[in-house]
Amino acid sequence: MIQPGIAAPHLAPRLGCHDVHERHGVRYRDLATKALLNRCPETSRMPFDWTINPYRGCAMGCRYCYAAYTHEYLGADPQNDFHSLIYVKRGGLEDLERRLPALVARGETVALGTATDPYQPGEPALGVTRQVLTRIAAHRGARLAITTKGAAILRDLDLLTHIAGRGHLSIRVSLISTDAALLREVEPWAPPPAVRLEVLRRLRSAGLDAALAVSPVLPALTDAEESLDALLAAARAHGVARVTWNLLFLRSPTREKYLGWLETAFPRYALAYHRAYASGAYLGGAYLDRMRERMARLCAKHGLAAPVDDLDDETGPRPAAQLSLFSSPAPKPSSARKVVKSGAISRISCSTPT
């Protein structure tokens, strides 16, 4: 059992006690590891076989990050430390080199960045992700999937084009809105929308398979027709050809943290969220059906491939009950709220049934 404030026995001896890097108040410490590769369970419906997360914790600061619970195993506070105390995995490269030939030969896919961003702010100085890519690039036929918000991925264009030219590489750049003021509230330390769109443009210009990941769609905050329309139009203008997406997934302790933040930042939506997520971590029913229809229609409008619903790859059951979340009319412009950090006005509209 996990005991609050106490690292799991197999992790405690591996935790560094001193900061090895600091950036804008975020501390990085070493985490000794013998293996970077993690095998997905056979029962998993994920579209990959192995995962690599070079870091534990993530400095992007996303309010909705589902991986915050992993800090409990380190004896850290997932509510407060996940975005400010990052552990850097040191070691495991020899094991990676030893195991790669067999999994490449079997055509198995490695996913980089499934729990924490491999190109978070500390990566340019620490270089763990690049060390991993260097090992993968040595193998012809490697299959690699990367998910990131970080602009630092452009540093590795040489390795990425090499991997893509000899195997299969897919990249997803996560961006949920073009509203920069809103994202400063929701993802306070992630690159702004304009930067991520430029990353997509440059990846696509390099001939790489780079998709927009609208992950996750936040009910009431980013799910409105006009918001998604603007996002997909911007993505298409930057050379994007395909889109993946999913709905907000709330498990403890992220659920408590996100809802607590929502009660302060967007109190008008708090009750609806509490009701909608009372029965589980997933949203389903009529709301999910509406969002699937909306994403498919908007992708077709902008000449994008039919969107891939990431929920189909999630593990675990989803409630099938009808959800009446956000069925009220969109707020009038006069009810727009001030975004505290930026001082700008962000008009946040509710999604209405179509």
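Preceding this paragraph is the structure being described.
Please read these numbers as outputs of a predicted model, since none were measured by experiment.

Q: Even after reading the chapter, I still don't get the nonpolar core, so can you show me in this structure?
A: Soluble globular proteins tend to pack their nonpolar side chains together in the buried interior. If you look at the biggest cluster of nonpolar residues, it comprises 83 residues, and the most contacted ones within it are Ile146, Ile171, Leu203, Leu212, Val214, Tyr258 and Tyr273. No other element matches the 6 residues that helix α10 (residues 285-301) contributes to this core. Ignoring sequence-local partners within four residues, the contact set of Val214 consists of Leu175, Ile176, Leu228, Leu231, Leu232, Val243, Thr244, Trp245, Asn246 and Met295. Core analysis: the next-biggest nonpolar cluster, separate from the first, contains 8 residues, Val26, Tyr28, Ala59 and Ile86 among them.

Q: Quick question: what am I supposed to make of the pattern of salt bridges here?
A: Where charged atoms of side chains with opposite charge meet at close range, the side chains can pair. Following the criterion strictly, the structure yields 17 salt bridges and no others. In this structure, Glu225 and Arg294 form a salt bridge, with 3.4 Å as the shortest nitrogen-oxygen distance. Linking Glu225 in helix α7 (residues 225-237) with Arg294 in helix α10, this pair joins segments that are 69 residues apart in sequence. The network of salt bridges with shared partners includes Glu123, Arg130, Arg155, Asp156 and Asp158.

Q: What should I look at first to understand the packing of aromatic side chains in this one?
A: The geometry of an aromatic ring pair is captured by the separation of the ring centres together with the interplanar angle, meaning the angle of the planes. Enumeration according to the criterion identifies 6 aromatic pairs in this entry. Between Phe249 and Tyr282, the ring centres sit 4.8 Å apart and the planes meet at 50 degrees, which makes this aromatic pair tilted. One end of the pair, Phe249, is in the loop between β11 (243-247) and α8 (254-265); the other, Tyr282, is in the loop between α9 (270-276) and α10, and 33 residues separate them in sequence. With a centroid separation of 6.4 Å and an interplanar angle of 25 degrees, the aromatic rings of Phe266 and Tyr269 are classed as stacked. Classification of Tyr269 by relative accessible area gives buried; the value is 3%.

Q: Explain the packing of helix α3 (residues 128-137) against helix α4 (residues 157-166) to me, please; I cannot follow it from the model alone.
A: In helix packing, the relevant descriptors are the interaxial angle and the interaxial distance, both defined with respect to the helix axes. Interhelical geometry of α3 versus α4 gives an angle of 30 degrees and a closest axis separation of 10 Å. By the angle class used here, α3 and α4 are roughly parallel. Note that α3 runs across α4; the crossing there is left-handed. The residues of α4 that touch α3, namely those facing Arg130, Leu133, Thr134, Ile136 and Ala137, are Asp158, Leu159, Leu160, His162, Ile163 and Arg166. Here the contact of α3 with α4 is composed, by residue class, of 6 nonpolar, 2 polar and 3 charged.

Q: Looking at this model, I keep getting lost on the environment of Ser215. Mind explaining?
A: By the element assignment, Ser215 lies in strand β10 (residues 209-217). With a relative accessible area of 14%, Ser215 lands in the buried category. For the pair Ser215 and Ser177, spaced 38 residues apart in sequence, the C-alpha to C-alpha distance is 9.9 Å.

Q: Please clarify how α4 should be interpreted in this entry.
A: Working note: α-helix, 3.6 residues per turn, so residues spaced by three or four point in the same direction. Turning to α4, its buried residues number three or more, namely Leu157, Leu159, Leu160 and Ile163. In a view along the axis of α4, the buried residues occupy a sector of 165 degrees, so they form one face of it. Looking at the buried residues of α4, the elements they touch are α3, β8 (143-148), β9 (168-174) and α6 (193-205).

Q: Can you help me understand the packing of helix α1 (residues 93-105) against α3 in this one?
A: Between α1 and α3, the least distance of the axes is 10 Å, while the angle of their chain directions is 25 degrees. It follows from the interaxial angle that α1 and α3 lie roughly parallel. Considering only the axes of α1 and α3, their crossing is right-handed. On α3, the residues that touch Leu93, Leu96, Glu97 and Leu100 of α1 are Gln131, Val132, Arg135 and Ile136.

Q: What's the story with the pairing of β10 in this structure? I'm lost.
A: The side chains of a regular strand alternate between both faces of the sheet. In terms of burial, β10 is largely enclosed, as 8 of its 9 residues are buried. As defined by bridge partners, β9 adjoins β10 across 5 bridges and the pair is classed as parallel. Residue pairing for β10: Ile171 is matched across the bridge by Ala210. Sheet topology places β10 next to β11; 4 bridges connect them, and they run parallel. Across the sheet, residue Val217 finds its bridge partner in β11, namely Leu247. Taking the sense of rotation as the criterion, the β-α-β connection linking β10, α7 and β11 turns out right-handed.

Q: I would appreciate a short explanation of the side chain of Ser174 in the present structure.
A: Relative to the assigned elements, Ser174 resides in strand β9. Judged by its relative accessible area of 5%, Ser174 falls in the buried class. In contact with Ser174, other than residues within four places in its own chain, are Thr148, Lys149, Arg196, Ala213 and Ser215.

Q: Explain the sheet that holds strand β7 (residues 109-112) to me, please; I cannot follow it from the model alone.
A: By definition, the strands of a sheet pair up through backbone hydrogen bonds, in either a parallel or an antiparallel sense. Read across the sheet, 8 strands follow the order β3-β4-β7-β8-β9-β10-β11-β12 without closing on themselves; strand pairing throughout is mixed. Looking at strand neighbours, the two that pair on one side only are β3 (38-39) and β12 (308-309), the edges of this open sheet. Bridging between strand β4 (residues 50-52) and β7 involves 3 bridges; their strand directions are parallel. When the sheet's bridge partners are listed, Ile52 is paired in β7 with Leu112. The strands touched by α7 are β10 and β11; relative to β10, the strand with the most contacts, the crossing angle is about 165 degrees.

What counts and what doesn't
Residues numbered from 1 in each chain as written. Predicted model: local features only at pLDDT ≥ 70, side-chain atom pairs only at ≥ 80, totals over all residues. Heavy atoms only, no water. Core = buried A, V, L, I, M, F, W, Y, C linked by side-chain atoms within 4.5 Å. Buried < 20%, exposed > 50% of the residue type's maximum accessible area, 1.4 Å probe, protein only. Helix = DSSP H or I, 4+ residues; strand = E, 2+ residues; numbered from the N terminus. Contact = heavy atoms within 4.5 Å. Salt bridge = Lys/Arg side-chain N within 4 Å of Asp/Glu carboxyl O. Phe/Tyr/Trp six-rings, centres within 6.5 Å; stacked < 30°, edge-to-face > 60°. Axes fitted to C-alpha atoms, helices over the stretch in contact; angles between N-to-C directions. Parallel < 35°, antiparallel > 145°, perpendicular 65-115°, else oblique. Left-handed = near helix turned anticlockwise from the far one by under 90°. Nonpolar A, V, L, I, M, F, W, Y, C, P; charged D, E, K, R; others polar. Arc of directions from axis to C-beta. Pairing = 2+ DSSP bridges. Right-handed = clockwise from strand over helix to strand, strands pointing away.

Read these as layout, nothing more, since geometry by itself doesn't imply function.
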